[in-house]
Amino acid sequence: MTRFMQLIVFVALCCSLSAAQAFVAPEEKHNVLRSDDNGRPASTRAIEGVMSSADILEKAEQVIFTADGSRVSSVRGRFAFERRESSEAAVRAFLLAHRSLFNLPDDRSMLEFSGDRSGGGSRQFNYQMRICDIPVEASEIAVYVGNDNEIVLINGSFPIVGEIANSISLDAAAAIAIAEKQLGLQKRRVNSSAERLIHVEENVGRVCYRVHVAAAQPLGDWELLIDAESGAEVSRRNLMRFYDGKGSTYVSHPLKCEPTVETLPDLIDGTLKGRYADIHNDETANAVSEDGTFVYPTHNLHFNEAMMYYLVNRVHAYFSGLGFDRLDSPMKAVVRYDVLYDNAFFSVLENALYFGDGYKFNDLAREESVCFHEYAHAARHQIVKLKYEGEAGAIDEGVADYFSASLSDDPIVGEFIVAKMNKPWLRNLSEAQHHYPESIVGQVHEDGKIWGCTLWDLRVRLGAATADRLVLNSLYYLSPDATFLHGLNALLLADENTSAGKNSAVIREVLAARGICEENSRRYIFSGRQIRQIIHFESLHNN
Ligand SMILES: [Zn+2]
């Protein structure tokens with residue numbers, strides 16, 4: 001018995017002792033039989049495939065199985081093969097002579113030669129499995145012939161296809177239409193395409209369309225598998241390569257920390273347009289860095305861009321964590337907007353954020369709470385388009401302040417930007433004096449303090465995790481002209497429908513303490529009896 005065969009016996013014993021453990025690689029440099037990392041041991045069938053090929057057993061230096069242990073992933077060694085009329089015919093004959101090792105079907109038409117190429121000192125012959133002329137997914141075999149004309153490596157094997165379980169009733173155009181609808185496609189970069197393939201799961205094949213959608217919105221190079229009979233979505237992947245870079249930022253703002261270099265996640269192409277943020281500079285050309293390094297001193301005109309990219313990704317991740325996915329596309333944010341512009345805003349028409357450098361204010365792009373506040377407006381707008389006046393506008397501002405403060409875990413909003421005016425903060429959600437209705441002055445930011453402070457009170461009572469979800473979920477129950485009383489209803493309904501109403505007593509208590517309760521909104525509320533009286537009165541006087 002060769003050393004390699006002894007190894008296989010050892011391995012088979014390990015399998016029977018503990019099916020859940022991967023192989024332990026032996027100390028020898030050669031003759032290593034193993035599955036990929038974290039995988040299961042090779043199946044009995046896969047090991048039998050190796051055992052049945054005596055010459056492969058003898059000459060193999062290494063056999064690797066796929067991670068699930070079901071089949072061979074690669075065989076390395078030195079294997080002579082017989083001369084034929086062409087090199088391809090000879091390689092094909094070698095594969096067919098070891099058909100059980102590579103799961104080759106008996107029908108030879110299923111083994112399709114898909115081309116050869118040279119590189120790295122060897123010639124590579126590629127094969128693909130086809131059933132009824134439809135390629136089978138993940139069925140590539142590559143045979144490498146070294147420069148001394150021996151086979152040195154075989155990568156891949158065929159999947160086992162017991163049956164094809166569906167038929168084709170859709171054409172390519174229908175599959176593309178389904179894929180684009182499933183994606184919620186708003187804008188494509190180039191036309192979508194579709195091709196048939198056989199998708200194999202648990203030894204059962206299904207004919208699918210592999211649809212490619214190069215989308216600007218939602219951003220990605222999407223690949224969807226659509227069942228050719230039912231139109232069901234089988235799988236979805238984004239092939240676009242995102243990478244992490246790094247950039248300069250203040251993690252909070254210049255009064256709280258020194259600038260640091262932080263990770264800039266999900267970059268795409270050497271600019272600060274990534275998966276969830278698209279940063280523009282209104283004063284100079286946008287920053288460019290081939291290797292994803294956006295590190296600048298604070299006086300550099302690009303510093304705000306790197307910081308804004310960092311902040312927008314942080315606030316995106318925060319909302320994502322709350323289950324919100326309606327802004328999963330690059331949010332446009334413009335820094336150094338205008339000249340010494342003293343504000344920041346969310347543009348409803350553009351779905352974009354703008355930040356001025358400030359004149360009376362300090363630079364509005366350099367404080368986390370300003371960015372978080374504007375982004376929260378954008379998120380809220382995806383749920384309900386609140387009017388920007390009256391109590392609806394105050395709820396809008398209060399909610400934006402709440403999310404900003406909660407994410408930065410600090411009730412103070414706008415501390416840095418107003419420091420230039422010797423003020424301690426722009427707004428502070430822990431202030432006690434804002435009370436309904438006497439604090440109403442008719443200005444959305446001022447009146448928004450009542451709602452923002454109320455939500456912060458809820459956070460103090462319920463904890464950030466519960467309050468954040470409650471506030472977000474309440475937005476779904478609001479209409480564009482919502483009042484604080486509608487806001488109370490919305491919080492109660494969100495709690496009732498997501499937490500079985502277990503926080504309703506606290507919600508009522510906290511809001512009543514700020515004056516938001518039915519008693520203070522009597523002029524809006526009528527009982528059924530009152531309404532019947534009004535109708536009766538009207539009918540008497542209109543006749
Ligand atoms: Zn605002």
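Residues numbered from 1 in each chain as written. Predicted model: local features only at pLDDT ≥ 70, side-chain atom pairs only at ≥ 80, totals over all residues. Heavy atoms only, no water.

### Some words on the coordination of the zinc ion
The following threshold applies: As a rule, N, O and S atoms within 2.8 Å of a metal are its donors, except that Na, K and Ca use 3.2 Å; water is not among the atoms, so sites may look incomplete. The numbering of helices and of strands both runs from the N terminus, where a helix is a DSSP run of H or I of at least 4 residues and a strand a run of E of at least 2. Burial classification: accessible surface area is computed with a 1.4 Å probe over protein chains only, and a residue below 20% of its type maximum counts as buried, one above 50% as exposed, and the rest as partly exposed.
Taken together, the protein ligands of the zinc ion are His 373 (NE2), His 377 (NE2), Glu 397 (OE) and Glu 397 (OE), with distances of 2.1 to 2.5 Å. Every donor residue of the zinc ion comes from the same chain, spaced as H-x3-H-x19-E. Of this pair, His 373 sits in helix α7 (residues 368–383) while Glu 397 sits in helix α8 (residues 390–407); the two residues are 24 residues apart in sequence, bridging distant segments of the chain. We note that His 373, like Glu 397, is buried.

### A word on the sheet that holds strand β18 (residues 293–294)
Filter applied, for reference: Strands are labelled as partners when DSSP assigns at least two bridges between them. What makes two residues a contact is simply this: any of their non-hydrogen atoms within 4.5 Å. Axis lines are fitted to C-alpha atoms, over the contacting stretch for helices. Their N-to-C directions set the angle, which ranges from 0 to 180 degrees.
Spatial ordering of the open sheet is given by β16-β15-β18, a layout of three strands whose pairing is mixed. Only two strands of the sheet have a single neighbouring strand rather than two, namely β16 (260–267) and β18. Pairing between strand β15 (residues 243–249) and β18: two bridges, direction parallel. If you follow Lys 246 over to β18, its bridge partner there is Thr 293. Strands β15, β16 and β18 of the sheet are contacted by helix α6 (residues 303–321), whose axis makes an angle of about 65° with β16.

### Focus: the confidence of the model for the chain
For clarity, the cut-off: Across the chain, each position has a pLDDT score giving the predictor's confidence in that residue, from 0 to 100.
Overall, the prediction assigns the chain a mean pLDDT of 88, with 91% of residues at 70 or greater. Counted against residues more than four places away or in other chains, residues 1–39, with its pLDDT under 50, gives 55 contacts.

### What to know about the nonpolar core
The criterion, for reference: We call a set of buried residues a nonpolar core when its members are Ala, Val, Leu, Ile, Met, Phe, Trp, Tyr or Cys and they connect through side-chain atoms within 4.5 Å of each other. Reported domain spans reflect what an automatic or database domain assignment gives.
Grouped together as the largest cluster of nonpolar side chains are 83 residues, with contacts concentrated most on Met 308, Phe 319, Phe 355, Phe 403, Trp 451, Leu 458 and Leu 511. Take this core: its biggest share by element is eleven residues, from α6. Three or more residues apiece are contributed to this core by two domains, here domain 3 (241–383) and domain 4 (385–530). Core analysis: the second largest hydrophobic core is formed by 52 residues, Ile 141, Ile 151, Val 207 and Ala 215 among them.

### Examining the packing of aromatic side chains
How we decide: Two aromatic rings, drawn from Phe, Tyr or Trp (for Trp, its six-membered ring), form a pair once their centres lie within 6.5 Å of each other, and the interplanar angle then sorts them: stacked below 30 degrees, edge-to-face above 60, tilted otherwise.
Summed over all chains, the structure comprises 17 aromatic pairs. Relative to Phe 403, the ring of Tyr 318 has its centre 6.3 Å away and its plane inclined at 70°; by these criteria the two rings are edge-to-face. Placement of the pair is Tyr 318 in helix α6 and Phe 403 in helix α8, with a sequence separation of 85 residues. The exposure class of Tyr 318 is buried, given its relative accessible area of 13%. Its relative accessible area of 2% is what places Phe 403 among the buried residues. For the pair Phe 319 and Phe 403, a centre-to-centre distance of 5.1 Å together with 65° between the ring planes defines the contact as edge-to-face. Highlighted residues: Phe 319 in helix α6 and Phe 403 in helix α8, separated in sequence by 84 residues. Put simply, the rings of Tyr 318, Phe 319, Phe 324, Tyr 375, Tyr 402 and Phe 403 touch in pairs and so form one group of aromatic residues.

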